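# Chains, contacts and geometry: an overview
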Amino acid sequence: MQDYSQSLKLMGNNFTITVVAASETEGKEHINTAINEIRRIEALLTTYKDTSQTNLINQNAGIKPVKVDGEVYELIERSIAISKITQGAFDITYGGIDKSLWNFDRNMSRLPSKEDALKAVHLINYKNVILNPEDCSVFLKEKGMRIGFGGIGKGYGAEMAKRLLVKNNVESGIINASGDLTAWGLQPSGNPWRIGISNPDRPEEVFSYLNISGKAVATSGNYEKYVVIGGKKYSHTIDPKTGLPVTGIKSVSVISDNAEFADAMATPIAVMGINAGLYLVNQIPALHCIIIDDNNKIYTSNEINLK
């Protein structure tokens, strides 16, 4: 048995799919199965295609409910449940502020005013997503509201691809969606899969390793996408309540049994801050996190032992 990998762009992110297989032909076949599944999900969730279910919901905001596939409905339902437990720090209705307020290109020379930021976020409110289980329909109450799956979609894609491969008897592999990853089984050597947690100041350097077989890990870090204004670094993680970037935390890594849940929880923990974030994680079974603050101090939830 040997591991086979392929890297490519899916869902606007770099995905690397690794499977352990008896031959290259078999390995390629399994990798293609995973790619097709992620592309199928991307077509449902993307906001870059007018005909996607996400865009149909957005185009009918304030007008009428839109019937969607069961899996899209359930993903929105789970997203709203995460909004509730994070008290709105995670919110799929952030779609309206994407480009208008923050573009995070290097030409950005000043922060938006607090007033402009607040104006931009007034439509963000997961409580205004009306779900009807009778016909699997989704209605955004306010005109101009938009949903987007940027905070949960790639984790969902990775999780679904993994499940399909497991169903097809792939005993071991990793789906890595730009650092949000899920791993199962063992390496061909018999050792568990391991990942390095990056040093946020020098992402190419690793400060700790974790065994992740049977686990999913997602990291939200201000070293991935940011702007520097007046000598201060502003992360692309936006607090949905203020419309302004969060400060104080360099990176959050979340470990869970499920890639979708790990992906969805990484950003809200950064938004909630260290104490509230750790408190929440410690209430949820099988959820763990590692937080690095602006002064490089490391905080971990219960039951995490860094090596």
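Structure: see above.
The numbers attached to residues start from 1 for each chain and follow its sequence in the written order. In view of the model being predicted, local features appear only for residues whose pLDDT reaches at least 70, and side-chain atom pairs are presented and counted only at 80 or more, with totals across whole chains, interfaces and linings using the full set of residues. Hydrogens and waters are ignored; side-chain quantities use all the structure's heavy atoms.

## Here we look at the layout of surface pockets
Only protein atoms enter the calculation, which uses a 1 Å grid: trapped sets of points that fit a 1.4 Å probe without letting it out are cavities, open sets showing protein on both sides within 12 Å along at least five of seven lines are pockets, and any residue with an atom within 4 Å of a point is a lining residue. Grid points are joined across faces, edges and corners, and a volume is the space filled by probe spheres set on the points. Of the pockets and cavities examined, the second largest pocket occupies roughly 220 Å³. L210, N211, E303, I304 and N305 are, among the 11 residues lining the second largest pocket, the residues nearest its centre. A helix here means a DSSP run of H or I that spans at least four residues, while a strand means a run of E at least two residues long, and both kinds are numbered starting from the N terminus. Looking at the lining of the second largest pocket element by element, the count peaks at 3 residues for strand β9 (residues 202-211). Any residue that is not Ala, Val, Leu, Ile, Met, Phe, Trp, Tyr, Cys, Pro, Asp, Glu, Lys or Arg is counted as polar, Gly included; the first ten are nonpolar and the last four charged. In terms of residue class, the lining of the second largest pocket is built from 5 nonpolar, 3 polar and 3 charged.

## Brief notes about helix α8 (residues 274-283)
Any residue under 20% of the maximum accessible area for its type is buried, any over 50% is exposed, and the rest in between are partly exposed; the area is computed with a 1.4 Å probe on protein chains only. Of all the residues in α8, the buried ones are I274, G277, L278, L280 and V281. Taken down its axis, α8 places every buried residue within 160° of arc, on the same side. The exposed set on the far side of α8, more than 90 degrees from its buried face, consists of N275 and Y279. Contacts: residue pairs with any heavy atoms within 4.5 Å of one another. In this structure, the buried side of α8 is in contact with α3 (70-85), β13 (249-256), α7 (259-272), β14 (288-293) and β15 (298-300). An arc is given here, and it is the one of the directions from the helix axis to the C-beta atoms.

## Topic: the pattern of salt bridges
Salt bridges, as used here, are contacts in which a Lys or Arg side-chain nitrogen is within 4 Å of a carboxyl oxygen on Asp or Glu. Applying the stated rule across the entire model yields 7 salt bridges. In this structure, the salt-bridge partner of E37 is R40, at a minimum N-O distance of 2.9 Å. With E37 and R40 both in helix α1 (residues 24-45), this residue pair falls 3 residues apart, about one helical turn. Owing to a relative accessible area of 11%, E37 belongs among the buried residues under this scheme. The network of salt bridges with common partners includes E37, R40 and E71.

## Considering unusual backbone geometry
Phi at N169 takes a positive value of approximately 65°, unusual for a residue other than glycine. Among the secondary structure elements, N169 is positioned in the loop between α6 (153-167) and β6 (173-177). Given a relative accessible area of 65%, N169 falls into the exposed group. Even without being glycine, S178 reaches a positive phi, approximately 50°.

## Here we look at the nonpolar core
Residues grouped as a nonpolar core are buried Ala, Val, Leu, Ile, Met, Phe, Trp, Tyr and Cys residues, joined through side-chain atoms within 4.5 Å. Counting 68 residues, the largest nonpolar core has L45, I76, I175 and V254 as its most contacted members. If one sorts the elements of this core by residue count, α7 sits on top with 8 residues. In this structure, L181, A183, I212 and I290 belong to the second largest nonpolar core, which totals 13 residues.

## Some details on the environment of N199
Within the element layout of this structure, N199 appears in strand β8 (residues 194-199). When the C-alpha positions of N199 and N302 are compared, they lie 21 Å apart, and in sequence the two are 103 residues distant. Ignoring anything within four residues of it in the chain, the contact list for N199 reads E205 and F207.

## Observations concerning the pairing of strand β10 (residues 216-221)
In terms of burial, β10 is a largely internal element, 6 of the 6 residues being buried. Because side chains alternate across β10, one face comprises the buried residues A216, A218 and S220, and the other comprises V217, T219 and G221, equally buried. Sheet topology places strand β7 (residues 180-184) next to β10; 2 bridges connect them, and they run antiparallel. Across the sheet, the residue bridging to T182 is A216, located in β10. In the sheet, β10 pairs with β13 via 6 bridges, with the strands oriented antiparallel. Note that in β13 the partner of T219 across the bridge is S253. Pairing between strands is defined by DSSP: at least two bridges between the two strands are required.

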